[in-house]
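Residues per chain, in single letters:
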Amino acid sequence: MLRSLVGYARGVGMDARWLVIEGRPAFFRVTKRLHHALHGALGDASPLGAAERVVYDQTLHENARALAAIVRPGDVAILHDPQTAGLGPHLLAAGLSVVWRCHIGSDGANEETERGWRFLEPYLCDIPAFVFSRSAYIPPYCDHGKSAVIPPSIDIFSSKNQPMAEPAVHTILVHVGLVEGPPPEPADHGFTRLDGTPGRVQRRADVIRMGRASAWETPLVVQVSRWDELKDMQGVMEGFARLSNGATPADAELVLAGPNVKAVADDPEGARVFDDVVTAWRALPHGTRNRIHLATLPTEDVDENGAIVNALQRHAAVVVQKSLREGFGLTVTEAMWKARPVVASAVGGIQDQIEDGVSGVLLPSPTDLDALGRALRELLENPAEAGRLGAAAHERVRERYLGVMSLLRYAELLERVSAAR
Ligand code: UDP
């Protein structure tokens, strides 16, 4: 999202930069734990006490020292998520205007959310402006008229969301190994990079499966997510397995796709979660396992990765997002933009995006695997209904979640912050 928003801001003449903090594994362990806590989840159940605060403070102190050479008094810094909150006091002391933008939160408070917000409070208390993805996520101590609600957005010109004709979808999926060849004639690996130059999908996915890739005609049920327990890839697999206990409608198959597990530097749990999914897959009966493909996608080239996700989402008969918790759920927005029927848990920002039965299907309980199986069966058996939901989904995103809307909301916020200086 930031790649696009920063680019557009620069395009209107604003000297916007995107800086990324650095940290060591101990820091990422603390911030992953904080991430779980703000979602109301226990994560690895490690403490968030004095020792963790030392690790957190030290890392952000080092980053603030590096930043001091780049920023000037009067600049506006928009800090994203718990990882960077600790920069707030340093940047305020250096004379910057500071906004903290939080992408996550929980539908209700519990012991974990309180633990997480308590940890962050000393860094946030003097920050004059906040942005949250939903109003329900605003913690009491930020709720003093200082918070704006700006939902995330997608860039419809990025390689992930740009229009992609069927021959390109087909060629790319054959090339990466998710659909059986041969590719169509003439083959078309092409996409347009964010900088406007032409790109070509060259790398392949790593796919764990029993036999051959899916045929082009096979309807695919798809979930694209990071390998994070809260995305519940394993639950999607089990829900799909229940669907295929009866006769699987139209011989559908399931693709679970996520990033290469070594690629997400601040997610120390990805490799273990992926291994757990593979172990659960191995334990499935032969006939079910045969229909499930586990894919890790190449991430070296962000635009190429986006084009692969684009092709996969466009080819999906149904897109699933069975998160146990979710900040907003951009994968849902992306699939809705592609007019796909989406079946997703009624959690977090997914509830704002999908109106149940109108622009997708909401699962009231994210752990109800039978309900997931039933929803999938219904959509696979009723392409007309799936098409109706998909068309409404596209309109919903066009009305609410395009990048231009975020830009206008950010412009208002920056005016407010500048006026208050
Ligand atoms: N994503 C991706 N490649 C992958 C898996 C995920 O590009 O292999 C993208 C996905 O398309 C979406 C983002 O990562 O744009 C995930 O955002 P979301 O809000 O769904 O969840 P988060 O990962 O932020 O919890």
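Look up: the structure comes first, before these words.
Chains are numbered independently. Their residues run from 1 in the order of the written sequence. Under the rules for a predicted model, residues below a pLDDT of 70 receive no local features and side-chain atom pairs below 80 are neither given nor counted, while totals for whole chains, interfaces and linings still include all residues. Water and hydrogen atoms play no part in the side-chain values, which are based on all heavy atoms of the structure.

Peer 1: Even after reading the chapter, I still don't get helix α3 (residues 50–68), so can you show me in this structure?
Peer 2: Residue pairs three or four apart in sequence face the same way in an α-helix, which turns once every 3.6 residues. Note on conventions: DSSP H or I runs of at least 4 residues are helices, E runs of at least 2 residues are strands, and numbering of each starts at the N terminus. Working rule for helices: expected span equals 1.5 Å times residues minus one. Given a rise of 1.5 Å per residue, 19 residues ought to cover 27 Å, and the 26 Å separating the end C-alpha atoms of α3 matches this to within 8%. Under the scheme applied here, a residue whose accessible area is under 20% of the maximum for its type counts as buried, over 50% as exposed, and between as partly exposed, the area being computed with a 1.4 Å probe on protein chains only. Considered for burial, the residues of α3 that qualify are Glu 52, Tyr 56, Thr 59, Leu 60, Asn 63, Ala 64 and Leu 67. When α3 is viewed along its axis, its buried side chains cluster within an angular range of 140 degrees and face the same direction. Of the exposed residues in α3, the ones pointing more than 90 degrees away from its buried face are Ala 50, Ala 51, Arg 65 and Ala 68. Two residues form a contact once any of their heavy atoms are found within 4.5 Å. The secondary structure elements touched by the buried residues of α3 are α2 (25–38), α4 (81–85), α5 (88–93) and α6 (111–124). Directions are taken from the helix axis to each C-beta atom, and the arc is the one they span.

Peer 1: Sorry, what's going on with the site of the ligand here?
Peer 2: Lining the immediate environment of the ligand, one finds 15 residues, of which Lys 160, Arg 226, Lys 231, Leu 330 and Glu 334 sit closest. Polar contact is defined as a pair of N or O atoms within 3.5 Å, subject to the rule that within protein one atom must be able to donate a hydrogen and the other to accept it, and that residues adjacent in sequence are counted only when both atoms are side-chain atoms. Within the side chain of Lys 160, an N or O atom sits 2.9 Å from an oxygen atom of the ligand. Here the accessible surface of atoms and residues is derived via Shrake-Rupley with a 1.4 Å probe, and residues count as covered only by protein chains that are part of the display. A total of 550 Å² of accessible area belongs to the ligand in isolation, and the protein chains cover 79% of it. The set of elements that each furnish at least two residues to the shell around the ligand consists of β9 (253–259), α11 (302–315) and α12 (330–337). For each residue, the test is whether any non-hydrogen atom lies within 4 Å of the molecule or strand; if one does, the residue is near.

Peer 1: Could you clarify how one ought to interpret empty space enclosed by the protein in this entry?
Peer 2: A pocket, in this scheme, is an open set of points on a 1 Å grid over the protein atoms alone with protein on both sides within 12 Å along at least 5 of 7 lines, while a cavity is a set where a 1.4 Å probe fits but cannot get out; residues line either one if an atom lies within 4 Å of a point. Grid points are joined across faces, edges and corners, and a volume is the space filled by probe spheres set on the points. Tallied over the full model, the rule gives two cavities of 30 Å³ or more. The computed volume of the largest cavity comes to approximately 50 Å³. If you go around the largest cavity, the residues you meet are Arg 226, Trp 227, Pro 259, Asn 260, Val 261, Val 264, Asp 267 and Gly 270. What the second largest cavity holds in volume is close to 30 Å³. Residue lining of the second largest cavity: Met 1, Ser 4, Leu 5, Tyr 8, Ser 153, Ile 154, Asp 155 and Gly 403, and that is the complete set. The element contributing the most residues to the lining of the second largest cavity is helix α1 (residues 2–11), with three residues. For this scheme, ten residues count as nonpolar: Ala, Val, Leu, Ile, Met, Phe, Trp, Tyr, Cys and Pro. Four count as charged, namely Asp, Glu, Lys and Arg, and the remainder, Gly too, count as polar. For the lining of the second largest cavity, a count of residues per class yields four nonpolar, three polar and one charged.

Geometric descriptors of this kind do not, in isolation, establish any biological role.
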